[in-house]
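Structural features, examined
Each chain is listed here by its residues.
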Amino acid sequence: MKRIKLQIARLTILSFLSCGRLPVTTANADDATPAPPVEKTVTDAQKEGAAPKKEAAEPAKEDPKAKLLAMFKTDQSITNTLDMILVWLPAGYRVAQYEVTQSEYQKVMGDNPSKFPGPQHAVESVTLAEARQFCKKLTEQEIADKKLPKGYYYSLPSEDQWEYYVDAADLKKSVTAYYGDRYNPENVGIFPPNKFGLYDTRGGVWDLCD
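Okay, so let's go over this structure. (Residues numbered from 1 in each chain as written. Predicted model: local features only at pLDDT ≥ 70, side-chain atom pairs only at ≥ 80, totals over all residues. Heavy atoms only, no water.)

1. Here's the deal with the packing of aromatic side chains
Throughout the structure, instances matching the rule amount to 4 aromatic pairs. Where Y98 meets Y199, the ring centres are 4.7 Å apart and the plane angle is 20°; that geometry is what we call stacked. Of this pair, Y98 sits in the loop between strand 5 (93-96) and helix 3 (102-109) while Y199 sits in the loop between helix 6 (175-178) and strand 7 (206-207), and the two are 101 residues apart along the sequence. By relative accessible area, Y199 is classed as buried at 16%. (Phe/Tyr/Trp six-rings, centres within 6.5 Å; stacked < 30°, edge-to-face > 60°. Helix = DSSP H or I, 4+ residues; strand = E, 2+ residues; numbered from the N terminus. Buried < 20%, exposed > 50% of the residue type's maximum accessible area, 1.4 Å probe, protein only.)

Pasting the structure below:
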């Protein structure tokens, strides 16, 4: 029987933001020159009656855009609107912890091209153009939902990025080796992750690179 080629888009978030840090200076109390005493005077307004005190200014509300950006700048994992866990890698970008499932793909694209249906199976039979469109639509959706800051986006990994996060993952411990000459995909994440906390980096279905 001819083996069917299974293809999947594993996603990464890439950032090309540069940040500037503003210097903050402080002066010690001992260094300050005392100001000369100010003579108190009584104004006409005070003679007639003190004006009512102004209410204390409300504390400045935290800018949600700034809060979101600060979260993305930290070296930590993030969960998006599809409940995808995006793992932070030392190389400076985030990668989906699991291959994109058929359920996740259908939520974004509205259809499921897979030949072997299963909501927690990795989506397969996806073309490169469809995978790129998935990334584009998910980016637009996250921005519209204010869950993705300006300058961040979803994309397919480059070949170098893929080689980096696959690292020394052992094919002997993969779905492919365990099930032998199989013809169907399995649920994502049924075997232990690699050293970065990523599942199914070898075996399972084919990953697409950009």
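Next comes the rest of the description.
2. Description of the packing of helix 3 against helix 4 (residues 128-144)
Closest axis-to-axis distance for the helix 3/helix 4 pair is 9 Å, and the angle between their directions is 70°. Taken as axis vectors, helix 3 and helix 4 run roughly perpendicular relative to one another. As for how helix 3 packs across helix 4, the hand of that crossing is left-handed. In contact with E104, Y105, V108 and M109 of helix 3, helix 4 contributes E130, Q133, F134, K137, L138 and Q141. In the contact of helix 3 with helix 4, the residues fall into 5 nonpolar, 2 polar and 3 charged. (Axes fitted to C-alpha atoms, helices over the stretch in contact; angles between N-to-C directions. Parallel < 35°, antiparallel > 145°, perpendicular 65-115°, else oblique. Left-handed = near helix turned anticlockwise from the far one by under 90°. Contact = heavy atoms within 4.5 Å. Nonpolar A, V, L, I, M, F, W, Y, C, P; charged D, E, K, R; others polar.)

3. Let's talk about empty space enclosed by the protein
On inspection of all chains with the given rule, the structure shows 1 cavity of 30 Å³ or more. Its volume calculated, the largest cavity comes out at about 50 Å³. What lines the largest cavity is a set of 10 residues, among which E99, E186, N187, D200 and G204 lie closest to the centre. In terms of residue class, the lining of the largest cavity is made up of 5 nonpolar, 2 polar and 3 charged. (1 Å grid on protein atoms, 1.4 Å probe; cavity = no way out; pocket = protein on both sides within 12 Å on 5 of 7 lines; lining within 4 Å. Points joined across faces, edges and corners; volume = space filled by probe spheres on them.)

4. Observations regarding helix 3
Of the residues making up helix 3, those classed as buried are Q102, E104, Y105, V108 and M109. Taken down its axis, helix 3 places every buried residue within 160° of arc, on the same side. Along its buried surface, helix 3 packs onto helix 4. Following helix 3 by one or two positions, G110 has its phi on the positive side, about 85°. (Arc of directions from axis to C-beta.)

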